[in-house]
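Structural overview for review
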Amino acid sequence: MQEARRAHLDEEAGQILAMFYPIHEDFSPTETVFRVNIYCNLRAFQLRGMSLVPEPGTPIIISFADYDTDGATQRQQKSQHFYAGFVIEDHAEAPSIAFCAVVEGRPFWKFGKQKVSVTIQLGGEDRATMRQYNAFRSASKGLSPRGGGVDWDRFLLNCMSPDWHTQHNSWARSMADYPGQKEEFFQQAEKVFGLDSKQMEFTKQFLENDTGVSVLFGATGNGKSFTVAVVLMLYLTTNKKFRKGLKELGNHHRILVTATSDQATDDLLRKCIELDPTLGNQHFVRFKGGGKIGANLSGQGNVIEIEVGEEERTKRENIENAYWHMMDIDARSGQSKSRSDLKEFDFIHDFHKTIASWSHDHPQARIVAIYNAFVDGLMKEEYSRAQRAKLFNKKKELERTLYKAYFHEVDAVFVPLIGASHPILEAFFEPTLLVIDDAAIAVLGDLLTPVIPHLTSLQHVILAGDPVPVGGRALNKGRNEFFDLTDKTLMVQLFLDEYCQSDNRITELDQQHRMQPEIFGPLNQTYYHGKVLDTAPVNSKDAVSITAQEYFRKTFGAAYANGNRFGVDFSNPENASKNWRASKSPCNHAEATAIVDMVQGLLSHKPPIGGRQIEPRDILINTPFAGQETENRVCLIRKGIIGTTDDNKIRVASPLNARGQEGNIQFISLCLNDPATPLNTEFIADREMLNIMFSRAKHMQIVVGNFRPWTTAIKSKAKGWEGASAKKAQRYEFVEVIKSFWP
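Heads up: these notes are all about the structure in this document. Small disclaimer: the values here were computed from a predicted structure and weren't measured.

What counts, and where the lines are drawn
Residues numbered from 1 in each chain as written. Predicted model: local features only at pLDDT ≥ 70, side-chain atom pairs only at ≥ 80, totals over all residues. Heavy atoms only, no water. Helix = DSSP H or I, 4+ residues; strand = E, 2+ residues; numbered from the N terminus. Buried < 20%, exposed > 50% of the residue type's maximum accessible area, 1.4 Å probe, protein only. Areas by Shrake-Rupley, 256 points an atom, 1.4 Å probe, with all protein chains shown as cover. Axes fitted to C-alpha atoms, helices over the stretch in contact; angles between N-to-C directions. Parallel < 35°, antiparallel > 145°, perpendicular 65-115°, else oblique. Left-handed = near helix turned anticlockwise from the far one by under 90°. Contact = heavy atoms within 4.5 Å. Nonpolar A, V, L, I, M, F, W, Y, C, P; charged D, E, K, R; others polar. Salt bridge = Lys/Arg side-chain N within 4 Å of Asp/Glu carboxyl O. Core = buried A, V, L, I, M, F, W, Y, C linked by side-chain atoms within 4.5 Å. Polar contact = N/O pair within 3.5 Å; in protein donor to acceptor, adjacent residues only side chain to side chain. Pairing = 2+ DSSP bridges. Right-handed = clockwise from strand over helix to strand, strands pointing away.

With that settled, consider the overall build of the protein. Across its full length, the protein holds 27 helices and 28 strands. Classification of the 743 residues of the protein by burial places 56% in the buried group. Taken as a whole, the protein presents about 32,800 Å² of accessible surface, with 51% of it coming from carbon and sulfur.

Below you can see the structure in the form of structure tokens.
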């Protein structure tokens, strides 16, 4: 069955039917730029009826053969024609159109045809689309392993595996062979780390489920990442304790930990580091990165500058970073953006530190010595570029042996989804557990990225996320028969799947651990129907709130009601928003100035008894618009208060970039204030964006915006706002958020 499927896919892959039309009706016949509408079942981008539609902006190349007559043989064809272009957002009305593109070439109607069978290829350096395309193509041949393991076909693709074979969680199935492991795992989760009842329910499901897929839902602040960190740490430590012989047999249990962004990946790594002292040291690696550590690539012949006086290992790290950047083009996309506090976990740094620590009787000690000699040779200025390239190639050959031994000692690799298919990880790292945090916002192609390279080794997967604020995530929202399947992320599909909802296959957390009840309350009622419970620790006053409340009492006087959440109205015409410089993105200088003044006051305020000094790391500023994000940064820099080190800076981010972040004190700038259209909300009323942006604060949330016109419109039921309070109304969530600031 698999061979037949593969043959059918290879035979017709890329053959699609295309129609060319002018972009504008008034184009002259000599115009060489066209819009092309693609009609097809998208075999070039297909997975069992699911279409991987190229993202807008993706470069494509369309080619076809021009024949003398219909049905002409290869010998009779005139020539091959090529049109280069890119995918666009614009879509025709016909539901069979898969996507549209703009291309350039010979006017199509000169061939005397309206449509023709063509081949479409992705062009350029669009790594994200190619990565997903390759994952889809592999998945079309079936993912569930014949001998057991994770039933990927059922959970990721919502269909039976090619072998129609019932899959089992081999790790959980073998638990009975190691008496005491399950009991200790469960006991430590509850007694040592204090997981609540729902978190323990997930732990039990992880230990006992028969599919190999453990799904964890939860609202913002429910402790999803903490729960995942506890489970993966106990997975490592109990396997080492109860399955001691497996490492020597080459069957060591390892984890590939991924998330949708560098920020989310780093946050999960930090949580694991915090738990590590309790359980004993684990070998964590943040793939990939290490920075440049003083190494610099010159534009003149790729000369590498190394600072004098450094230790030998650091020199080798410098040369490794520089040559990695210069010659390994694929690695650059996986380069870690880790902050300084995670530097020691970066791949290049840890690799050199690890091999330097190997004793003389280590099996690879001789290879390490030879490898270091080659690296040292790369530092010598007398070598030509060609000689260095030869040394580099020799070094790469030795690295294959060293990487294999190195990754055998690694317990967990932390990497964003986009870098999880890197050739080094695919070749040398064999994870048995895959963790995907914040999985709700990942499209299927992204989720397949860490799965495809490791199908033979993976026994278990954890998916954690919040599907409630996540709507469509189509790669391209074209009107076509594949739209529905590409429009929903996996977590949304699972959330709506009766099979997954039955038999406790999904765990949904119900306690909120991050935010003050005053801050989370409106979100809880609006998005989660009031079902999420506040935990006792959140209700207690903290030192940050004590300091901030005293500052706001002195600043606003009687206007401030001593709360942890309040709004500041900036609706006057003089506070109007405008576009940032030449862009189309709004900014509001008055709001940015007010926020920065409050931030400066908080940072300089002397803490009262019970409070503490507020630092830059405590502050998070969010805004929906890139122009306002820039305006806030500029104002902070001009005041000189943004912070001095990577781990003690004020953070400014849009909602998308704020995923996974939290601040002790959060400022939100809604920015939009157009006196000509005061009721205009644009996309600040988007339900997904609101959920993300208003759920970042831990102890205090200050919102600055155009409150008066919106409040008046809601109360008077102004035109366009009449039914805004209905739960299915377009502005429902926005109205509820605004109303939550009323007395």
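With their axes 10 Å apart at the nearest point, helix H26 (residues 707-716) and helix H27 (residues 732-739) run at an angle of 110 degrees to one another. Here H26 lies roughly perpendicular to H27, going by the angle between them. Seen from above, H26 lies across H27 with left-handed handedness. Between H26 and H27, the contacting residues are Phe707, Trp710, Thr711 and Ile714 on the first element and Phe734, Val735, Ile738 and Lys739 on the second. Looking at the contact of H26 with H27, its residues break down into 6 nonpolar, 1 polar and 1 charged.

Turning our attention to the pattern of salt bridges. A pair can form between side chains of opposite charge whenever their charged atoms are brought close. Inspection of every chain in the model, using the stated rule, returns 18 salt bridges. Notably, a salt bridge pairs aspartate 266 with arginine 286, separated by 2.6 Å at the nearest N-O pair. Highlighted residues: aspartate 266 in helix H9 (residues 262-279) and arginine 286 in strand E11 (residues 284-286), separated in sequence by 20 residues. Using a relative accessible area of 4% as the deciding quantity, one classes aspartate 266 as buried. Aspartate 597 is the partner of lysine 639 in a salt bridge, and the nearest nitrogen-oxygen pair spans 3.5 Å.

Before going further, it helps to spend a moment on the nonpolar core. Counting 52 residues, the largest nonpolar core has Trp152, Phe347, Phe407, Val413 and Leu448 as its most contacted members. Top contributing element to this core by residue count: helix H14 (residues 385-408), with 6 residues. Grouped together as the second largest cluster of nonpolar side chains are 37 residues, Met200, Val257, Leu275 and Leu342 included.

Next up on the list: the side chain of threonine 238. The topology assignment puts threonine 238 in helix H7 (residues 224-242). For threonine 238, a relative accessible area of 1% translates into the label buried. Side chain to side chain, threonine 238 and glutamine 181 meet in a polar contact 3.3 Å long. Side-chain polar atoms of threonine 238 contact the backbone oxygen of leucine 234, separated by 2.6 Å. For threonine 238, the residues in contact, after removing those within four places along its chain, are Gln181, Phe185 and Arg243.

Along the chain, tyrosine 178 falls in the loop between helix H4 (170-173) and helix H5 (181-191). Sequence spacing of tyrosine 178 and arginine 243 is 65 residues, and the spatial spacing of their C-alpha atoms is 7.0 Å.

This part is about the pairing of strand E15 (residues 433-437). Across the 5 residues that make up E15, a large majority, 5, are buried. Summarising the sheet, strand E10 (residues 255-259) and E15 pair through 5 bridges and their orientation is parallel. Within E15, the residue paired with threonine 258 across the bridge is isoleucine 436. Direction of pairing for E15 relative to strand E16 (residues 460-465): parallel, over a ladder of 4 bridges. Within the sheet, the bridge partner assigned to valine 435 lies in E16 and is isoleucine 462. Where the polypeptide runs from E15 across helix H16 (residues 444-451) and back to E16, its parallel neighbour, the crossover connection is right-handed.

Quick look at helix H12 (residues 347-357) now. In terms of burial, H12 is a largely internal element, 8 of the 11 residues being buried. What H12 keeps buried is the set Phe347, Ile348, His349, Asp350, Phe351, His352, Thr354 and Ile355.

This part is about the sheet that holds strand E23 (residues 619-622). Taking strand neighbours across the sheet as the criterion, the 5 strands line up as E20-E28-E27-E23-E26 in an open arrangement whose pairing is parallel. With partners counted over all chains shown, the strands left at the sheet margins are strand E20 (565-569) and strand E26 (651-653), one partner each. The mean inter-strand angle of the sheet, taken between neighbouring strand axes irrespective of direction, is 20 degrees. Alignment of E23 against E26, held across 3 bridges, turns out to be parallel. Bridge pairing in E26 links leucine 620 to arginine 651. In this fold helix H23 (residues 589-604) packs onto E23, strand E27 (663-669) and strand E28 (697-705), with an angle of close to 160 degrees to the strand it touches most, E27. In the packing of helix H24 (residues 626-639) onto the sheet, contacts are made with E23, E26 and E27, and the angle to E26 comes to roughly 160 degrees.

Of note in this structure, aspartate 438 is not a glycine but carries a positive phi near 55 degrees. Relative to the helices and strands, aspartate 438 resides in the loop between E15 and H16. The phi dihedral of cysteine 671 is positive, around 75 degrees, even though this residue is not glycine. With respect to the secondary-structure elements, cysteine 671 resides in the loop between E27 and helix H25 (687-693).

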